[in-house]
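# Summary of structural features
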Amino acid sequence: MGSLHRASKTLKSLRHQLLLQATQQFDSSSRLSGSSDYRLLLARALCSHPRQNAKEAVDLTQYPPERIRNFSIIAHVDHGKSTLADRLLELTGTIKRGHGQPQYLDKLQVERERGITVKAQTATMFHKYNLQDEPQPFLLNLIDTPGHVDFSYEVSRSLAACQGALLVVDAAQGVQAQTVANFYLAFESNLTIIPVINKIDQPTADPDRIKDQLKSMFDLEPSDCLLTSAKTGQGLEHVLPAVIERIPPPPGEGSGLLRMLLLDSYYDEYKGVICHVAVVDGMLRKGDKISAAATGQTYDVLDVGFMHPELTQTGVLLTGQVGYVVTGMRSTKEARIGDTLFHAKTIVKPLPGFKAARHMVFSGLFPADGSDFEALNHAIERLTCNDASVSVTKESSTALGLGFRCGFLGLLHMDVFHQRLEQEYGTHIISTVPTVPYIFEYSDGSKVEVQNPAALPSNSKQRVTASWEPTVLATIIIPSEYVGPVITLCSERRGQQLEYSFIDSQRAFMKYRLPLREIVVDFYNELKSITSGYASFDYEDSEYQQADLVKLDILLNGQAVDAMATIVHSLKAQRMGRELVDKLKKFIDRQMFEIIIQAAIGSKVVARETISAMRKNVLAKCYGGDITRKRKLLEKQKEGKKRMKRVGSVDIPQEAFHQLLKVS
């Protein structure tokens, strides 16, 4: 008993010293741009949250729905979303300051390098707030969502578990394209939006201009905006009170039947699939049997808890709370984002909004070295354990050998998948030009969806009578001096202007309907190039539109190269065929026989180049003599070249594919 008493006194003394030290820091550094308030708050958080060091069990029953706030942070890329999340975790004592890992919720290497969020993460925070002059405990669930349009469905499901969102805007850059897209996603979900103007410590910061932008574009009152600097801590003391005061508690029936929204999942080698869930109604306990509405499968709840910020077992989740569930699922394909989980042998109404993943971009993946196929197969199997939204089918190409046809949610999703294959598994791959799913209608009335151009017959007995291609609604925000070049670029890409206005005196807002095919390869790079890097671009999926589409084949000595087949608009077919043929001529080595490179639409050749044969000078020994002798030698050589051309095969070097196809 004596040792316990001494340990208790030591702990109290330590807390007192921490608080005293923080107060001294507060007094000595009050002239530092408001960051002293943040330091004092941080010290108080450390003193009031001893569970950071001693993880005792948490009694979740003391947090009824009215003491819970579920919120998300939404922002454009590099506006300080992850840094703000770090500061909030520190303020509530969830993580220690200076933990050595900035952007704590971004777990993947690709997320840290690109400054984006790919996988949704949740973090539970405990915070005491003075309500009616008495400190009351609150449970705050931060749901960190992806921001890019490729993951817009995942974002919408994560936002469905929230009642409010912090809209973070850079104090210098202002409203960007992704800011607009994310705002409307949150607005359509009926969330309470708290505008946060971040990075006010920058020399170029202009918060008043940003307030005017938020008012003109989103009708958000300037007085509601919070001015912060997540880097220095300035203004952060106002964020959590705003979350508690402005965001409503989660609705739901604590005594009703269990309904949970599945937010995201990832694969753990020891536990299997771990699902992030939000309890909408009812209560979940360890040992319960639950079913999934989308798959009909039934599972035992092996473990349940919340992220604080790592897995913390609680044995129970109550109405309005966000946490994790381990059920023994073997693949993330069973855990479908947006699905409803409920107690087995009960009948509930599934939560609205669930839909299956829709693949918008397709690409072939082949090993750079044909002998590495098994290694690539193993890497893709491992990676799809954590990314169930990728569709994978095996395919064979005469030019590239065995490989895979993969479907992705969008361009960023594809790039991230390629980068993770290379970084995490060390694979070297060749990826074919990204294509989009087209629809073709034949003369007999049948329709077919084509994801791989090589699968569309070039000379079919059935005539194509109509074709459709997917489109996107693109949002472009640019400095006003670049309006002309951007309009020209969009017109060249067959864009249709829907909206054109000015955000303020310096920046223009444009909305276009563009064919998805026109933006999948190099549109963003060109847009950045002509605007000196100042353009901001975002898009969302739209409907299919009718277009005059044709299949462009590349032929080498009359033989089609399936990996280079592509579907293009008829107006661009000749120009694209000429470009491909010219590039191929540079990279294919000369042979002992003539090589004819052609671009063809069906049986019509639209471009041609010829690589002449290497030949011996058979006339070198003829210093004179009759011309018929020379002709005879030349004709004999010509016949030999014809025989070579019949039996010889053209070897396309890997460099040609690396230049013509998009390489990871």
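Predicted model only: the values in this text are computed from it and were never measured. (Residues numbered from 1 in each chain as written. Predicted model: local features only at pLDDT ≥ 70, side-chain atom pairs only at ≥ 80, totals over all residues. Heavy atoms only, no water.)

## Description of the pairing of strand S25 (residues 507–515)
Burial runs high along S25: eight of the nine residues are buried. The sheet contact formed by strand S23 (residues 464–479) and S25 spans nine bridges and is antiparallel. Following the sheet pairing, Leu473 is matched in S25 by Arg513. Sheet topology places strand S24 (residues 496–502) next to S25; six bridges connect them, and they run antiparallel. Across the sheet, Ser501 pairs through a bridge with Phe509, a residue of S25. Hairpin geometry of S24 and S25 is characterised by an intervening segment of four residues between the two adjacent antiparallel strands. (Buried < 20%, exposed > 50% of the residue type's maximum accessible area, 1.4 Å probe, protein only. Helix = DSSP H or I, 4+ residues; strand = E, 2+ residues; numbered from the N terminus. Pairing = 2+ DSSP bridges.)

## Considerations on unusual backbone geometry
When glycine is set aside, most residues are seen to have a negative phi, and most peptide bonds are trans. With phi around 60 degrees, Asn190 is a residue other than glycine that occupies positive phi space. As for its position among the elements, Asn190 is in the loop between helix H6 (177–188) and strand S5 (192–198).

## What about helix H11 (residues 483–492)?
One turn of the α-helix equals 3.6 residues, which is why residues spaced by three or four share an orientation. All of the buried residues along H11 are Val483, Val486, Leu489 and Cys490. Axial view of H11: buried residues confined to an arc of 130 degrees, hence all on one face. Elements that come into contact with the buried residues of H11 comprise S23, S24, S25 and helix H13 (523–530). In the segment just after H11, Arg494 is the residue with positive phi, at about 65 degrees. (Arc of directions from axis to C-beta. Contact = heavy atoms within 4.5 Å.)

## Here we look at the nonpolar core
Judged by nonpolar contacts, the single largest core of 46 residues is most densely connected at Leu421, Ile476 and Phe523. Ranked by residues supplied to this core, first place goes to helix H9 (residues 373–384) with five residues. Those residues in contact with Phe523 that sit more than four places away from it in its chain are Ile476, Leu489, Cys490, Arg493, Leu514, Glu518 and Phe537. Membership of the second largest hydrophobic core comes to 32 residues, among which are Val180, Ala186, Ala278 and Val322. (Core = buried A, V, L, I, M, F, W, Y, C linked by side-chain atoms within 4.5 Å.)

## Notes on the side chain of Glu90
The residue Glu90 is located in helix H3 (residues 81–91) in this model. Within the structure, Glu90 has its side chain in polar contact with the side chain of Arg87 (distance 3.0 Å). (Polar contact = N/O pair within 3.5 Å; in protein donor to acceptor, adjacent residues only side chain to side chain.)

## Comments concerning the environment of Lys447
Topologically, Lys447 is positioned in strand S22 (residues 447–450). With a relative accessible area of 55%, Lys447 lands in the exposed category. Distance from Lys447 to Val464, taken between C-alpha atoms, is 9.5 Å for residues 17 residues apart in sequence. For Lys447, the contacting residues outside a window of four places in its chain are Ile439, Phe440, Glu441 and Trp468.

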